[in-house]
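Overview (structure and organization)
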Amino acid sequence: MPFSRQRILPAARKVKDLEKLLRLPYEYVVLLDMHVAQLQPIVQLAKSNGKKPIVHADLIEGLKNDEYAAEFICQIARPAGIVSTRASVIAKTKQNKLLAIQRLFLLDTNALEKSYALFERTKPDYIEVLPGVIPHMIAEVHERTGIPVFAGGLIRSVNDVEQALAAGASAVTTSDKALWKHYENDDNGSR
């Protein structure tokens, strides 16, 4: 899978964050919090600078998070992949042959069991587990689903990153610029 060499998936919340990321050696970047009018230009900016952008569909203002929005993102913006909590968005992303990353919020056992059933149907390429600071849950989700796992949310230190990776996370998503910087020279953000 494409992230096997990249330990950190830096997530840009603002255009200024993306501008910083463009100077770092990471191949894949996650784009968060944007307006629908910014979507295509921001994705194109990342791509023109050699990045493979992954768009967080749930965080695009002015765009309903459904299969029609996913189709729009896939056809108009053409990112490398899409992140979403929604099964319909994941299905449409897979139909368009982009990377499909389904977010899983660890709320309670009942919600987790329902999510396992959902993953059987959606078969995302990756599952992003939030919060990513619960190592034994990262391991469980990967073991139960057989799907590679990202850890995200509340990742605040190098120790958090290392524990998530040791628990079996394929990569860690973070908007923490200090962590981007820490791992940038780690074999170009790679293992």
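Residues numbered from 1 in each chain as written. Predicted model: local features only at pLDDT ≥ 70, side-chain atom pairs only at ≥ 80, totals over all residues. Heavy atoms only, no water.

1. As for the pattern of salt bridges
Opposite charge on two side chains makes pairing possible when the charged atoms of those side chains draw close. For the structure on display, the rule yields 10 salt bridges. Here Lys181 and Glu184 are joined by a salt bridge, their closest N and O atoms 2.8 Å apart. Of this pair, Lys181 and Glu184 are both found in helix 8 (residues 177–184), 3 residues apart, which corresponds to roughly one turn of the helix. Shared partners join several salt bridges into a network, and the residues in it are Arg5, Glu27 and Lys52. (Salt bridge = Lys/Arg side-chain N within 4 Å of Asp/Glu carboxyl O. Helix = DSSP H or I, 4+ residues; strand = E, 2+ residues; numbered from the N terminus.)

2. Comments concerning unusual backbone geometry
The general pattern is negative phi for most residues beyond glycine and trans for most peptide bonds. Along the chain, Leu130 connects to Pro131 via a cis peptide bond; the corresponding omega equals -5°. With respect to the helices and strands, the residue Pro131 is situated in the loop between strand 8 (126–130) and helix 6 (135–145). Its identity is not glycine, yet Asp33 carries a phi of approximately 35°, on the positive side. Within the fold, Asp33 resides in the loop between strand 2 (28–31) and strand 3 (34–35). Looking at Asp33, the relative accessible area reads 34%, which means it is partly exposed. At Arg78, a residue that is not glycine, the phi angle is positive and equals roughly 55°. (Buried < 20%, exposed > 50% of the residue type's maximum accessible area, 1.4 Å probe, protein only.)

3. A look at helix 2 (residues 36–48)
Helix length check: helix 2, at 13 residues, gives a terminal C-alpha distance of 19 Å against a target of 18 Å (1.5 Å per residue), a fit within 8%. Inspection of helix 2 places Leu39, Ile42, Val43 and Ala46 among the buried residues, and these make up the whole buried set. The buried residues of helix 2 all sit within an arc of 105° when viewed along its axis, so they share a single face. Away from its buried face by more than 90 degrees, helix 2 exposes Ala37 and Ser48. In the core, the buried residues of helix 2 are packed alongside helix 1 (15–21), strand 2, strand 3, strand 4 (52–56), strand 5 (60–61) and helix 3 (67–77). Two residues or fewer after helix 2 comes Gly50, characterised by a positive phi angle close to 80°. (Expected span 1.5 Å × (residues − 1). Arc of directions from axis to C-beta. Contact = heavy atoms within 4.5 Å.)

None of this, on its own, says anything about what the molecule does.
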